[in-house]
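An overview of the molecular structure
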Amino acid sequence: EVSLFRPFHGNHFDIDLHWAIICFNKHYAAFRLTDLLSEPDHLLERQVVLLVTHHGVTNIWQHIFYVNDLYFLLKDKSLDWTWLLEKLAVYGLENVFLAGLYWCQQLWDLPLPAAVQSLVHTDRVRSSAAAYAESWEADHASEVSSLVLKQFLFFANAQTRLRLRIKIHFSFVTSRVFRATTFLIGNRVHYIPMELGFITIFIRALRSFYRLLPVRQS
């Protein structure tokens, strides 16, 4: 990704590299380079999935330029719409995508196949698109804590299948509970990965308790 919104520094520019693109959180889904390259015939469609994951789920379409990115990715392109919509549906991303498409049409008249057009203009998608657009009038982007809650609410409300809605609720809770953590012993930082499960909870609890103890005066 070469950002259009960061200034150039002399004759070099920033490139934003990711090990993976997280869909909602690591407990829900993550996309890696191998996923992107697994079907070369659908490379563009997979790029759309990644963009919807990052801009639509992680950033809840909270700036118009996120929708603008979707528009330019789709403009004048030939897509396998059936494959794309089926792939998005596997991860519960279809309504997030359709809300983005709605604004691509409203703002820049993006042409769509008739079958997709009918999906975009349902009451559910219109309602979702209007909710996303409310953030465009805000003076500042959402704070991190507020954004996490909005990610959860928007993504859960976008689901039409109970199984995915339950999965989103479960992964939201587990991502807040089972987290990687660090703690100090002397001057050394120790890292505990989230894969250790409940151990990380006890370590964080002990660390918090230790901070309450009076500091010894040397």
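Residues take numbers from 1 onward in each chain, read along the sequence in its written order. Where local features are concerned, this predicted model is filtered to residues with pLDDT of at least 70; where side-chain atom pairs are given and counted, the filter is 80 or more; whole-chain, interface and lining totals use all residues. Where side-chain values are given, they derive from all heavy atoms of the structure, hydrogens and water being excluded.

This brings us to the overall build of the protein chain. For the protein chain, the helix and strand inventory stands at 10 helices and four strands. Only DSSP runs of H or I with at least four residues qualify as helices, and only runs of E with at least two residues qualify as strands; both kinds are numbered from the N terminus onward. Along the chain direction, N to C, the helices and strands of the protein chain fall in the order β-β-α-α-α-α-α-α-α-α-α-β-β-α. For the protein chain, buried positions account for 38% of its 218 residues. The criterion used for residue contact is that any of the two residues' heavy atoms lie within 4.5 Å. A separation threshold of at least 6 residues defines the contact pool for the protein chain, and within that pool the share at least 24 residues apart is 59%. As displayed, the protein chain offers around 14,100 Å² of accessible surface, 60% of which is attributable to carbon and sulfur atoms. Buried means the residue's accessible area, taken with a 1.4 Å probe over protein chains only, is under 20% of the maximum for its type, while exposed means over 50%, and partly exposed covers the values in between. In these tables, accessible area is a Shrake-Rupley quantity obtained with a 1.4 Å probe, and a residue counts as shielded only by the protein chains included in the view.

In this structure, Val116 sits in helix H6 (residues 114-120). With relative accessibility at 3%, the residue Val116 sits in the buried group. In this structure the C-alpha to C-alpha distance between Val116 and Trp81, which are 35 residues apart in sequence, comes to 8.0 Å. Each residue touching Val116, except ones within four places of it in the same chain, is listed here: Trp81, Leu85 and Leu101.

The next subject is the packing of helix H5 (residues 94-108) against helix H7 (residues 123-133). Direction vectors running N to C along H5 and H7 enclose 75°, while the axes themselves pass 9 Å from each other. Of the possible angle classes, the one that applies to H5 and H7 is roughly perpendicular. Contact residues: H5 offers Asn95, Val96, Leu98, Ala99, Tyr102 and Trp103, while H7 offers Arg124, Val125, Arg126, Ser128, Ala129, Ala130, Tyr132 and Ala133. Throughout this entry, Asp, Glu, Lys and Arg are counted as charged residues, while Ala, Val, Leu, Ile, Met, Phe, Trp, Tyr, Cys and Pro are counted as nonpolar. The remaining residues, Gly among them, count as polar. Here the residues of the contact of H5 with H7 are counted per class, giving 10 nonpolar, two polar and two charged. For every element, the axis is a line fit to its C-alpha atoms; helices are fit only across the contacting stretch, and the angle between N-to-C directions ranges from 0 to 180 degrees. For classification, angles of less than 35 degrees are called roughly parallel, those exceeding 145 degrees roughly antiparallel, those between 65 and 115 degrees roughly perpendicular, and all remaining angles oblique.

Before going further, it helps to spend a moment on the nonpolar core. What is meant by a nonpolar core is a set of buried Ala, Val, Leu, Ile, Met, Phe, Trp, Tyr and Cys residues, joined one to another through side-chain atoms within 4.5 Å. Counting residues in hydrophobic clusters, the biggest one holds 49 residues, and the most contacted among them are Val48, Phe97, Leu101 and Phe155. The biggest single contributor to this core is H5, with eight residues.

With respect to the helices and strands, Glu45 occurs in helix H2 (residues 43-58). The charge count treats Lys and Arg as positive and Asp and Glu as negative. His and the chain ends do not count. Any Lys or Arg side-chain nitrogen located within 4 Å of an Asp or Glu carboxyl oxygen qualifies as a salt bridge. With no salt bridge to any partner, buried Glu45 finds its closest opposite charge in Arg46, at an N-O distance of 7.8 Å. Polar contact is the term for a pair of N or O atoms within 3.5 Å; when the atoms are in protein, one must be able to donate a hydrogen and the other to accept it, and sequence-neighboring residues count only if both atoms are side-chain atoms. Engagement of the side chain of Glu45 in a polar contact is seen with the backbone nitrogen of Asp80, the distance being 2.7 Å. If we skip the residues at most four places from it in the chain, Glu45 touches Ser78, Leu79, Asp80, Trp83 and Leu84.

Patch building starts from residues that exceed 30% relative accessible area and form no salt bridge, then joins like charges within 9 Å and nonpolar side chains (Val, Leu, Ile, Met, Phe, Trp, Tyr) within 5 Å. Taken together, the side chains of Leu33, Leu37 and Leu43 define a hydrophobic patch exposed on the protein surface, amounting to about 280 Å² of accessible area. If you trace the backbone, Leu33 turns up in helix H1 (residues 33-37).

Moving on, we come to the confidence of the model for the protein chain. Across the protein chain, the average pLDDT comes to 84, with 77% of residues at 70 or higher. Looking at any residue, its pLDDT shows the predictor's confidence there, from 0 to 100. Mean pLDDT in the protein chain bottoms out at strand E3 (residues 181-185), which sits at 65, and peaks at H5, which reaches 97.

What follows concerns the environment of Phe65. Along the chain, the position of Phe65 falls in helix H3 (residues 64-74). Sequence separation between Phe65 and His55 is 10 residues; the distance between their C-alpha atoms is 9.5 Å.

Further remarks concern the pattern of salt bridges. Scanning the model with the defined rule gives three salt bridges in all. When the shortest N-O distance is used, the salt bridge between Arg161 and Glu94 registers 3.6 Å. Highlighted residues: Arg161 in the loop between helix H8 (144-157) and helix H9 (162-177) and Glu94 in helix H5, separated in sequence by 67 residues. For Arg161, a relative accessible area of 31% translates into the label partly exposed.

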